[in-house]
Amino acid sequence: MTGTRIAALGHYQPAKVLTNHDLAELVDTDDAWITSRVGIRTRHMAGPDEPVDELAAHAAGKALATAGLTPDDIDLVLVATSTAIDRSPNTAARVAARLGMTSPATMDLNVVCAGFTHALATADHAVRAGGARRVLVIGADKMTDVTDWTDRTTCVLVGDGAGAAIVEATEDTGDPAGGVAGIGPVLWGSVPEMGHAVRIEGTPPRFAQEGQSVYRWATQQLPALARRACERSGVAPEDLAGVVLHQANLRIIEPLAAKIGAVNAIVARDVVDSGNTSAASIPLALSKLVERGELPSGAPVLLFGFGGNLSYAGQVVRIP
């Protein structure tokens, strides 16, 4: 049987940095208010001439270079995003064109903040089923395009960026987590009746959420789901080397990580520097940890996305 592994990672953030002090000049807020409630200090903001597909292509190019691959080594491109302006061509097709690919299959997935872990599972399934050999999986969002800059409860949260992973076929070792650098089985689902709690709606589209509802759901319901994702991969929470949750809010990340029981894990806190980048947040944080050498090759790491649509998806992966 065919297994899968992550061959390489890459990430990209725009050059412009927006601090809490900058936001205090736009709305009634200050650094102390923001850091005490969400833990964010800075976020990156793309310019009007930097569309989502450009952010995605930068991250993808870095992942390809790290893996020593060319664009034509990829036969499927999956982009998780909820902030692309145009319907067609989709973001994945535009990324493929930017990278000079010749004939890949291209698909976008819109599962908002849980988009990357859904796309990673889709890539894993496609490779295992024989539909693709190498898949470029990207989470990319330009949240500042859908932000109401007069609403201090949401504008302090968001940032722009992209993260990418290359998924490829490998020998199935019989390890539920896929062996060294493998991808474990996904646990995914949603709470449809609470889909209104996180929204990007209207014309022009604007991001809005019911913060307390999301906080209660995430801190009360998600720990058990995350532990089930570990069980599916045959990895006990205490054996995790890392935990990379959707970077929504430090006040959600820290209690959720503690309740999972990952007592020996490095917990990603990229939200402090990057804000909430939606589908980009998990691959962005993971790529940074790997680039800094904080997670060794082969180490088991829990990825768990949650948020928009009140959807969730998580799996244990091993570091390339």
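Here we summarise the structure given alongside this text. (Residues numbered from 1 in each chain as written. Predicted model: local features only at pLDDT ≥ 70, side-chain atom pairs only at ≥ 80, totals over all residues. Heavy atoms only, no water.)

## What to know about the packing of helix H3 (residues 52–67) against helix H4 (residues 91–99)
Right, so step 1: Axis separation between H3 and H4 bottoms out at 9 Å; the angle between their running directions is 55 degrees. The orientation of H3 with respect to H4, classified from their angle, is oblique. Between H3 and H4 lies a crossing of right-handed hand. On H4, the residues that touch Val52, Asp53, Glu54, Ala56, Ala57, Ala60, Gly61 and Leu64 of H3 are Thr91, Arg94, Val95, Arg98 and Leu99.
Right, so step 2: Looking at the contact of H3 with H4 residue by residue, the class counts come to seven nonpolar, two polar and four charged. (Axes fitted to C-alpha atoms, helices over the stretch in contact; angles between N-to-C directions. Helix = DSSP H or I, 4+ residues; strand = E, 2+ residues; numbered from the N terminus. Parallel < 35°, antiparallel > 145°, perpendicular 65-115°, else oblique. Left-handed = near helix turned anticlockwise from the far one by under 90°. Contact = heavy atoms within 4.5 Å. Nonpolar A, V, L, I, M, F, W, Y, C, P; charged D, E, K, R; others polar.)

## Digging into unusual backbone geometry
Right, so step 1: Following Ser88, the chain continues into Pro89 via a peptide bond in cis, with omega recorded as 0 degrees.
Right, so step 2: Note that Pro89 resides in the loop between strand S4 (76–80) and H4.
Right, so step 3: Of note, the bond from Thr203 into Pro204 is cis; its omega dihedral lies within 30 degrees of zero at 0 degrees.
Right, so step 4: Phi angles above zero are rare outside glycine, and Asn309 is one such case at about 70 degrees.
Right, so step 5: As for its placement among the helices and strands, Asn309 is situated in the loop between strand S13 (300–306) and strand S14 (311–318).
Right, so step 6: Its identity is not glycine, yet Leu310 carries a phi of approximately 45 degrees, on the positive side.
Right, so step 7: Within the fold, Leu310 resides in the loop between S13 and S14.

## Some words on the sheet that holds S14
Right, so step 1: Strand order across the open sheet formed by five strands is S8-S14-S13-S11-S12, with mixed pairing between neighbours. Single-partner strands in this sheet number two, and they are strand S8 (187–190) and strand S12 (266–267).
Right, so step 2: For S13 and S14, the ladder comprises seven bridges, and the chain directions are antiparallel. The residue of S14 that forms the bridge with Gly305 is Ala313. (Pairing = 2+ DSSP bridges.)

## Here's the deal with the sheet that holds strand S6 (residues 134–142)
Right, so step 1: Spatially, S1-S7-S6-S4-S5 is the arrangement adopted by the five strands of the open sheet, whose pairing is mixed. Each edge of the sheet is formed by a strand with only one pairing partner; in this case those strands are strand S1 (2–12) and strand S5 (105–109). Between one strand and the next, the sheet's axes are offset by a mean angle of 20 degrees, whatever the strand orientation.
Right, so step 2: Across five bridges, the pairing between S4 and S5 is parallel. Bridged to Leu78 within S5 is Met107.
Right, so step 3: Running over the sheet, helix H5 (residues 115–128) touches S1, S4, S5, S6 and strand S7 (160–171) and is turned about 165 degrees from S6.
Right, so step 4: Each of S1, S6 and S7 touches helix H10 (residues 281–291); the most contacted strand, S1, lies at about 90 degrees to it.

## Comments concerning the packing of aromatic side chains
Given two aromatic rings, one states the distance between the centres and the angle between the planes to describe the pair.
Right, so step 1: Counted by the stated rule, this structure contains one aromatic pair.
Right, so step 2: For the ring pair Phe304 and Tyr312, a centre distance of 6.3 Å and an interplane angle of 5 degrees mean the geometry is stacked.
Right, so step 3: Classification of Phe304 by relative accessible area gives buried; the value is 0%.
Right, so step 4: Exposure remark for Tyr312: the relative accessible area of 12% places this residue in the buried category.
Right, so step 5: In this arrangement the basic side chain of Arg152 is found over the ring face of Trp33, its NZ or CZ atom lying 4.3 Å from the centre.
Right, so step 6: Just above the ring of Tyr215 sits the side chain of Arg251; from NZ or CZ to the centre is 5.2 Å. (Phe/Tyr/Trp six-rings, centres within 6.5 Å; stacked < 30°, edge-to-face > 60°. Buried < 20%, exposed > 50% of the residue type's maximum accessible area, 1.4 Å probe, protein only. Lys NZ or Arg CZ within 6 Å of the ring centre and 35° of its normal.)

Function-wise, these values are silent; they only describe arrangement.
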